[in-house]
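Spelled out, the chains give:
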Amino acid sequence: SQKIEQNSEALNIQEGKTATLTCNYTNYSPAYLQWYRQDPGRGPVFLLLIRENEKEKRKERLKVTFDTTLKQSLFHITASQPADSATYLCALDVFSGGGADGLTFGKGTHLIIQP
Amino acid sequence: NAGVTQTPKFRVLKTGQSMTLLCAQDMNHEYMYWYRQDPGMGLRLIHYSVGEGTTAKGEVPDGYNVSRLKKQNFLLGLESAAPSQTSVYFCASSYLLAGSGEQFFGPGTRLTVL
């Protein structure tokens, strides 16, 4: 069956270090992969999108990699801050091979940046 | 711009009752979606719409109906609520096809069915 896996346990990182979150998927061939941030009691907020033919994407302190051979995306936050503490969701467009369907989301990784 | 708004924010229903959740967006987006989020399950797509007057089933459509009579509004209906429908419901919209563009999410509706 199709599956998206993210670290299920909370990730604790010391302020100033780089946080790295993992998204693995099986039985998919997504054209796009997206990362969202979700704070408690709020809706997800879009962070980055990377296409299947892109290896890496950057936005300020954020970096995403996409390895379609390993079926894995890594999400990095450099110089992490306590304000970066949130749940981060990985999402793929997989319902019908990239059509106008919704996204399939991983369960998310809860990131805690400790001062 | 208000972005994506959802009404109501909270609701408690008894089993068998019906209700409609309203989603509105002011960004002129073609595509709109309804998701539910449950602990340990992540976000799951219920129904979606690729334009005014169109709707389609997502991953978990049973027990729900939707309508998109106006481009800016997407309604989610529960005809006979069940405890299994206790969840947080999120509406989202996008300008581009689902995967190729970011989705803008509303603040969510927390629904409890007793």
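For clarity, every value in this text was computed on a predicted model and none was experimentally measured. (Residues numbered from 1 in each chain as written. Chains lettered and ligands numbered in written order. Predicted model: local features only at pLDDT ≥ 70, side-chain atom pairs only at ≥ 80, totals over all residues. Heavy atoms only, no water.)

Chemist: Which parts of the structure should I look at to understand the overall build of chain B?
Modeler: For chain B, the helix and strand inventory stands at zero helices and eleven strands. The N-to-C order of helical and strand elements in chain B reads β-β-β-β-β-β-β-β-β-β-β. Whereas a compact globule of 114 residues would reach a radius of gyration of roughly 13 Å, chain B reaches 13 Å, a difference of no more than 12%. The dimensions of chain B, computed from C-alpha atoms along their principal axes, are 35 × 30 × 25 Å. Residues counted as buried form 50% of the 114 residues belonging to chain B. Residue pairs at least 24 apart in sequence account for 55% of intrachain contacts in chain B once pairs closer than 6 positions are excluded. Surface summary for chain B: the accessible area is close to 5,300 Å², and the carbon and sulfur share equals 54%. Across chain B, the mean location of the 10 positive side-chain charges is 8 Å away from that of the 8 negative side-chain charges. (Helix = DSSP H or I, 4+ residues; strand = E, 2+ residues; numbered from the N terminus. Rg over C-alpha atoms; globule rule 2.2 N^0.38 Å. Buried < 20%, exposed > 50% of the residue type's maximum accessible area, 1.4 Å probe, protein only. Contact = heavy atoms within 4.5 Å. Areas by Shrake-Rupley, 256 points an atom, 1.4 Å probe, with all protein chains shown as cover. Lys, Arg positive; Asp, Glu negative; His and termini not counted. Charge placed at Lys NZ, Arg CZ, Asp CG, Glu CD.)

Chemist: Any chance you could explain the nonpolar core here in plain terms?
Modeler: One recurring pattern in soluble globular proteins is that nonpolar side chains are buried together. One finds L21, L33, W35, F75, Y88 and L111 of chain A to be the most contacted residues of the largest nonpolar core, which totals 24 residues. Among the elements of the structure, β2 (11–14), β3 (19–26), β4 (32–38), β5 (45–51), β7 (62–67), β8 (72–77), β9 (86–92) and β11 (109–114) of chain A are those that each provide at least two residues to this core. M19, L21, M32 and L111 of chain B belong to the second largest nonpolar core, which has 19 residues in total. (Core = buried A, V, L, I, M, F, W, Y, C linked by side-chain atoms within 4.5 Å.)

Chemist: What's the story with the interface of chain A and chain B in this structure? I'm lost.
Modeler: Interface size is often expressed as the accessible area that is lost when the parts come together. Chain A puts 23 residues into the contact, and the matching count from chain B is 23 residues. Regarding the contact of chain A and chain B, the summed buried area is about 1,700 Å², with carbon and sulfur atoms giving 60% of it. Between the two partners, chain A and chain B, sit zero salt bridges. Scanning the region where chain A abuts chain B turns up five residue pairs in polar contact (both at pLDDT 80 or more). Listed by contribution, the elements that provide at least two residues to the side of chain A that touches chain B are β4 and β5 of chain A. Looking at the side of chain A that touches chain B, the element that brings in the most residues is β4 of chain A, giving four residues. For the side of chain A that touches chain B, the residue count by class is ten nonpolar, eight polar and five charged. (Buried area = accessible area lost by both parts, 1.4 Å probe. Salt bridge = Lys/Arg side-chain N within 4 Å of Asp/Glu carboxyl O. Polar contact = N/O pair within 3.5 Å; in protein donor to acceptor, adjacent residues only side chain to side chain. Nonpolar A, V, L, I, M, F, W, Y, C, P; charged D, E, K, R; others polar.)

Chemist: Is there a simple way to think about the pairing of strand β5 (residues 42–49) of chain B in this case?
Modeler: Sheet faces and side chains relate simply in a regular strand, where the side chains alternate between the two faces. All names here are of chain B. Across the eight residues of β5, eight count as buried, placing the element largely inside the fold. Pairing geometry for strand β4 (residues 31–38) and β5, over seven bridges, is antiparallel. By the bridge assignment, W34 is partnered in β5 with H47. Where β4 folds back on β5, the antiparallel hairpin that results is connected by three residues, among which G40 adopts a positive phi of roughly 75°. In terms of strand pairing, β5 meets strand β6 (residues 56–57) through two bridges, oriented antiparallel. Paired with H47 across the strands is K57, a residue of β6. The loop that links β5 with its antiparallel partner β6 comprises six residues; one of these, G53, has a positive phi angle of about 85°. (Pairing = 2+ DSSP bridges.)

Chemist: Hey, could you run me through the side chain of H29 of chain B in this one?
Modeler: All names here are of chain B. Tracing the backbone through its elements, the reader meets H29 in the loop between β3 (19–25) and β4. Assessed through its relative accessible area of 5%, H29 is described here as buried. For H29, the side chain forms a polar contact with the side chain of S93, separated by 2.8 Å. Setting aside its immediate chain neighbours within four residues, H29 contacts R68, K71, S93, S94, Y95 and F104.

Chemist: Would you mind going over the packing of aromatic side chains with me for this structure?
Modeler: The geometry of an aromatic ring pair is captured by the separation of the ring centres together with the interplanar angle, meaning the angle of the planes. For the structure shown, the criterion picks out eleven aromatic pairs over all chains. An aromatic cluster of at least three residues, connected via ring pairs, comprises Y36, F46 and F105 of chain A together with Y33, Y35 and F105 of chain B. (Phe/Tyr/Trp six-rings, centres within 6.5 Å; stacked < 30°, edge-to-face > 60°.)

Chemist: Is there a simple way to think about the sheet that holds β3 of chain A in this case?
Modeler: Two strands in a sheet stick together by hydrogen bonds in their backbones, pointing the same way (parallel) or opposite ways (antiparallel). All names here are of chain A. Pairing in this open sheet of five strands is antiparallel, and the strands run β1-β3-β8-β7-β6 from one edge to the other. This sheet does not close on itself; its edge strands, each paired only once, are β1 (3–6) and β6 (56–59). On average, each strand axis in the sheet is inclined to that of its neighbour by 15°, with strand direction left out of account. Sheet analysis places β1 next to β3, joined by four bridges and oriented antiparallel. Residue I4 lies in a different strand from β3, and its bridge partner there is Y25. (Axes fitted to C-alpha atoms, helices over the stretch in contact; angles between N-to-C directions.)

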